[in-house]
Amino acid sequence: MALSGLEIYKLLPGGIKPPHPKANCKECGFPTCLAFAMKLAAKQAELSACKYVSDEAKAKLSAAAAPPIRLITLSADGRKIEVGNETVLFRHEKTFYHPAALMVRVPDTLSAGEIATLARTVADYKVDYVGMALRLDGLAVESVAGEPTRFAEAVAAVRAAVTLPLVLVSEDPQVMAAGLAQTAGVKPLICAATAGNWEAMAKLAKEARAPLAVRADSLAGLAELTEKLTAAGVEDLVLDPAGAARGFAGSLQMLTQLRRLALKKGFRPLGYPIITFPYLAAAEPDMEMLLAGQQVAKYAGFVVLGHFDPADVYPLLVLRANLFTDPQKPIQVEPGVYPINKPGPDAPVMVTTNFSITYFAVANEVESSGLPGWLLVADAEGMSVLTAWAAGKFDAEKIAKTVKGTGIAEKVNHRKVVIPGHVAVLMGELEEELPGWQIKVGPREAVDLPRYLKTAW
Amino acid sequence: MPVIEVPVEKWSGTVRSVTLGATAAEGGTRSHVVVVGGERTLPFLAFEAKPANRPCIAVEVRATNPAEEWAAPLVNAWGAALGDLVAWVKAAEAAGTDVIALQLTTTDNAGQRMNAAKARAAVRTVLNSTGLPVIVLGTGQAELDNEMQVAVAEEGAGERLVLGPCEEKNYRTIVAAAMANGHLVTAKTPMDVNLSKQLTVLIHDMGMPLERIITDPTTGALGYGMEYGYSVMERLRLAALQGDNMTQQPMIVTPGEEAWRAKEARAGEGVPAAWGDWARRAVNWETMTAAALIESGADIVVMRHPEAVARVKKMIAELMAA
């Protein structure tokens, strides 16, 4: 947990009792140790600027500077995923930084051919959402058979097919060792160390220089394991809350407790990202996706899905994209004229706001209708039509300014403009602001635009 | 062994308990009442406070057949019931709804404008067909809503209906009608904590008790701005627990309506293969939207698809089981 300026001061040459002979020596570039401490607290200075600080104080200060939830990286052939390093409980407090990694389970009971197909399907899955390519992050190869050779073959089959980051799932160190032997070029997550196997797993994690998940069904059980493992020199850890923490209620409660302990109490032994396996608690795929959604929101770092179905994965990826969007920065598009489907001088003119989701909803509809059109995007400070209208950022004046400012009148041979149905009330005012233009009220929802353009334009 | 203190927050505030419906003993004809609100902690954190009332599901029904307007997966799920209000209410009961949400429309089945008499008949039909509490939601067109909701309020006098939406630009008529006939209202504002508080104050200033106001903070569908509503709801609930009196109303949101407006729910053709099977994706869209909103503090979710209702109901049961 971050220290205050005064707390830091008490560790510096001028703040310790009795003061160090070099107290307030100014060699760091600041007039006093207290001033230096304030700069350190504000992260505007480096501790290395002080030559006289004790080793003990250095250790305390660097521990305090470490993030409350450790950043964990998994990589494979240049692709990597990072989770952890979160700083808030609620996205409105700042933002969530590292989207929960979504992995798909590959049981080693499948044939090599089935494994390759599943792995490629997951690796190739890509869906466009407001201009972002949403993808799944990796695969979790699980030893179901409990048999080293079989597991090694499954990992090899995955590696031969794709270059995705991996989680290896087995509690048997021998099985794990066999799987790890097939992971050249990969930094996988080893899952999992338990009270029974942690020493052997620690050895494997150190040899492979890979992060290690610890599995236990209580806060105390998890903390006990992470303390043993950090003492044994394994620092990249992930928490796997098991037992009652697998289900809806248990997961919400334990993951909330873990996040609070890490952020609000600065409790080091539990300051690690969390991995969840929603399929273990929700056998039906429908409920599994709901539990996965809950865990993406609160507060998993890795979520291992038990099945792959695009109709399930797409909403989950969109949920993740929504929740991990920085709430202080709505995604915006540049205001201006957007020609769609090569519009000519007689093509319809439509106006909307520059909130990316609004823009994409409208643009996608017109585009997929095959009809040409000119889309005017007003600068509504990145708000949707209704929100911008309510906030006074999308009024008759703003729309008129957009129509005039974009010079659309020179591109078309008509004087008609379609406004969103949600702001139909602006019609009268807009007629005054835009003399000579006919104001047409379009549908309220973008999805109804193609029909409107075909019938009412 | 490390000693771990479970991090429990000491909240000073409580969400108000609001009762929907009235039984014969209370001057109505409902077979039972539904109480929402009463939370003393964030959703489902049983380690912090005893669970309060379970969030409730309100299935949307209409007197006007929406088959032409609604997407195929939704139309197929209800079948002929869409054209028969009594059958639809019974089917909604069978789907496990806690409350019936009668959504008023601008036109009737013949394409004629709706009016007070038709709205009165619709709410009468619903009240006669079910013993569940009833919510009646207007169209968002102020003049028509005022006309219809005054008639609805009179027709359902004493039933403790929920009438809405009351919006900043149009709340007086509906609030007055609700007060005169013993009903509740929803206070709808566009995704903003302060606007929400302000409307609650305005409605309360007219004399409506706070125990009869439900907040509608407005939501978007998954992928269409849901995260804004999600965060506003989290902030409203945190404010309520921190003791801010005018944010302590239970919350109602309409994930059914929002989700089924999304292209992902409506479009079966001409969409990317990566979107997957239409019907499955569409139901997921509503389910995921509703689930996220419940976990951010919704007390009542107005929903549309029976399968989505079943899943969300199951999720709520699991979350309440702790």
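Notes on the structure follow. The structure presented is a predicted model; accordingly, all values stated were derived computationally and were not measured.

What about the pattern of salt bridges?
Here comes step 1: On inspection of all chains with the given rule, the structure shows 46 salt bridges over all chains.
Here comes step 2: The shortest N-O distance in the salt bridge between Lys22 of chain A and Glu27 of chain A comes to 3.6 Å.
Here comes step 3: Residue classification places Lys22 of chain A among the partly exposed residues on the basis of a relative accessible area of 35%.
Here comes step 4: Residue Asp216 of chain B is joined to Lys188 of chain B by a salt bridge in which the shortest nitrogen-to-oxygen separation is 3.8 Å. Residue Asp216 of chain B is found in strand 8 (residues 213–216), and its partner Lys188 of chain B is found in strand 7 (residues 184–188); the two are separated by 28 residues along the sequence.

Some points on the sheet that holds strand 10 (residues 300–303) of chain B
All names here are of chain B.
Here comes step 1: Taken together, the eight strands give an open sheet; going across it, the order is 8-7-6-5-4-3-10-9, and neighbouring strands pair in parallel fashion. Bordering the open sheet on either side are strand 8 and strand 9 (252–253), each of which pairs with just one other strand.
Here comes step 2: Bridge count for strand 6 (residues 162–167) against strand 7 is four bridges, and the pairing is parallel. Residue Cys166 lies in a different strand from strand 7, and its bridge partner there is Ala187.
Here comes step 3: Helix-sheet contacts for helix 6 (residues 193–205) involve strand 6, strand 7 and strand 8, and the interaxial angle to strand 8 is about 155°.

Regarding the side chain of Thr218 of chain B
All names here are of chain B.
Here comes step 1: If you trace the backbone, Thr218 turns up in the loop between strand 8 and helix 7 (226–241).
Here comes step 2: By relative accessible area, Thr218 is classed as buried at 15%.
Here comes step 3: Every residue in contact with Thr218, bar those within four places of it in the chain, is listed here: Lys188, Thr189, Pro190, Met191 and Gly229.

A short note on the interface of chain B and chain A
Here comes step 1: Counting residues at the interface gives 55 residues for chain B, matched by 58 residues for chain A.
Here comes step 2: Of the roughly 4,900 Å² buried at the junction of chain B and chain A (both faces included), carbon and sulfur atoms supply 64%.
Here comes step 3: At the surface where chain B touches chain A, the tally comes to 11 salt bridges.
Here comes step 4: There are 19 residue pairs in polar contact (both at pLDDT 80 or more) connecting chain B and chain A.
Here comes step 5: Where the side of chain B that touches chain A is concerned, the elements lending two or more residues are helix 7, helix 9 (263–266), helix 10 (278–295) and helix 11 (306–320) of chain B.
Here comes step 6: Per element, the largest residue contribution to the side of chain B that touches chain A is nine residues, and it comes from helix 10 of chain B.

Observations regarding a nonpolar patch on the surface
All names here are of chain A.
Here comes step 1: Residues Leu6, Leu34 and Met38 make up a contiguous nonpolar surface patch of about 250 Å² in total accessible area.
Here comes step 2: By the element assignment, Leu6 lies in helix 1 (residues 5–9).
Here comes step 3: Look at Leu6 and you get partly exposed, because its relative accessible area is 48%.

What counts, and where the lines are drawn
Residues numbered from 1 in each chain as written. Chains lettered and ligands numbered in written order. Predicted model: local features only at pLDDT ≥ 70, side-chain atom pairs only at ≥ 80, totals over all residues. Heavy atoms only, no water. Salt bridge = Lys/Arg side-chain N within 4 Å of Asp/Glu carboxyl O. Buried < 20%, exposed > 50% of the residue type's maximum accessible area, 1.4 Å probe, protein only. Helix = DSSP H or I, 4+ residues; strand = E, 2+ residues; numbered from the N terminus. Pairing = 2+ DSSP bridges. Contact = heavy atoms within 4.5 Å. Axes fitted to C-alpha atoms, helices over the stretch in contact; angles between N-to-C directions. Buried area = accessible area lost by both parts, 1.4 Å probe. Polar contact = N/O pair within 3.5 Å; in protein donor to acceptor, adjacent residues only side chain to side chain. Patch = residues over 30% accessible without salt bridge, like charges linked within 9 Å, V, L, I, M, F, W, Y side chains within 5 Å. Areas by Shrake-Rupley, 256 points an atom, 1.4 Å probe, with all protein chains shown as cover.

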